[in-house]
Amino acid sequence: MTHRVDDFAEIEAEFNAYVGRIVYATMVTVDSKNRPRTRVLIPVWERVDGVPLGWLATYKTPVKAAHIARNPHVNFSYWARGNDSVAVDATAEWANDLPTRQHVWDLYAQTSPPGAGYHLGQFWRAPDDPQLHIMRLDPWRIQVIRGADLRSRIWQPAAVVARTG
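Per chain, residue numbering runs from 1 following the sequence as it is written. At least 70 in pLDDT is required for a residue's local features to be given in this predicted model, at least 80 for side-chain atom pairs to be given and counted, and no such filter applies to totals for whole chains, interfaces and linings, which use all residues. Hydrogens are left out, water is left out, and the side-chain values use all remaining heavy atoms of the structure.

A. Broad picture of the overall build of the protein chain. Secondary structure elements are taken from DSSP: a helix is a run of H or I of four residues or more, a strand is a run of E of two residues or more, and numbering for both begins at the N terminus. The helix and strand inventory of the protein chain stands at four helices and nine strands. Mapped in sequence order, the helices and strands of the protein chain form the string β-α-β-β-β-β-α-β-β-α-β-β-α. Only C-alpha atoms enter the radius of gyration, while the globule expectation follows 2.2 Å times N to the 0.38, with N the number of residues. Against the compact-globule benchmark of 15 Å for 165 residues, the protein chain has a radius of gyration of 16 Å, which places it among compact chains. For the protein chain, the C-alpha atoms occupy an extent of roughly 45 × 35 × 30 Å along the three principal directions. Only protein chains enter the accessibility calculation, which uses a 1.4 Å probe; a residue whose area is less than 20% of its type maximum is buried, one above 50% is exposed, and one in between is partly exposed. Buried residues in the protein chain amount to 48% of all 165 residues. Taking all contacts inside the protein chain whose residues are at least 6 apart in sequence as the whole, residues at least 24 apart take part in 69%. Surface exposure here means Shrake-Rupley accessible area, sampled with a 1.4 Å probe, where a residue is shielded only by the protein chains that are shown. Working note: accessible area of the protein chain is about 8400 Å², and carbon and sulfur atoms make up 53% of it. Averaging the coordinates of the 19 positive side-chain charges in the protein chain and doing the same for the 17 negative ones gives two points 9 Å apart. Between two residues, a contact is recorded if the distance between any of their heavy atoms is within 4.5 Å. Working convention for charge: Lys and Arg count positive, Asp and Glu count negative, and His plus the chain ends are omitted. By convention, the point assigned to a charge is CZ for Arg, NZ for Lys, CD for Glu and CG for Asp.

Okay, structure coming up:
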């Protein structure tokens, strides 16, 4: 059975526990012919003003950049043995100002949530490295499923629920 919540706090602990344990997420974008493309990445997450906000440190490949420019809707799927899972539907946009880069660099270093992240210095020199690109992820739907009994909870902000009915 699925239960809907409009307060992220109701699923935040479970979201953080699963994402922190699973770490790797499959990111899905869509190409110009509406075909899905996946890649495995490690986004980090925080809560700002009561709602989740994600960040992805990445290379801005031509394929990824073209997909996001054409259709900013993305999905991140986390899955672990035992069927604990998280699905995040979000919109993505590039956010490459230096204060944002520094903030995201710090989130990755501290792992956010605990367990998710790594030291970005493994791939980039510093927050101002021109090869480092930051993608801001604004979730509009998050589903957390507990594998033991397949209990599903879906968070959507009240404004999205009102628009979609």
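Still more to cover.
B. Quick look at unusual backbone geometry. Looking along the chain, the bond that leaves Ser-112 and enters Pro-113 is cis, with omega of -5°. Note that Pro-113 resides in the loop between α3 (98–110) and β8 (133–146). Positive phi outside glycine occurs at Val-23, with the angle close to 70°. Of note, Val-23 is situated in the loop between α1 (9–22) and β2 (25–30). Val-23 gets classed as buried once you look at its relative accessible area, which sits at 13%.

C. Main features of helix α2 (residues 62–70). Regarding α2, the residues found buried are Lys-64, Ala-65, His-67 and Ile-68. Buried positions in α2, seen along its axis, are confined to an arc of 165° and lie on one side of it. For α2, the exposed residues lying more than 90 degrees away from the buried face are Pro-62 and Ala-69. On the buried face of α2, the contacting elements are β2, β3 (36–41), β5 (51–58), β6 (73–79), β7 (85–94) and β8. Directions from the helix axis toward the C-beta atoms define the arc.

D. Looking closely at the environment of Thr-58. Within the fold, Thr-58 resides in strand β5. Separated by 65 residues in sequence, Thr-58 and Phe-123 have C-alpha atoms that sit 9.3 Å apart. In this structure, Thr-58 is in contact with Lys-64, Trp-94, Trp-124, Gln-131, Leu-132 and His-133, ignoring residues within four places of it in sequence. Polar contacts, as counted here, are pairs of nitrogen or oxygen atoms within 3.5 Å of one another; within protein the pair requires one atom able to donate a hydrogen and one able to accept it, and residues that are adjacent in sequence qualify only if both atoms are side-chain atoms. Polar contacts involving the side chain of Thr-58 include one to the side chain of Lys-64, which spans 2.4 Å.

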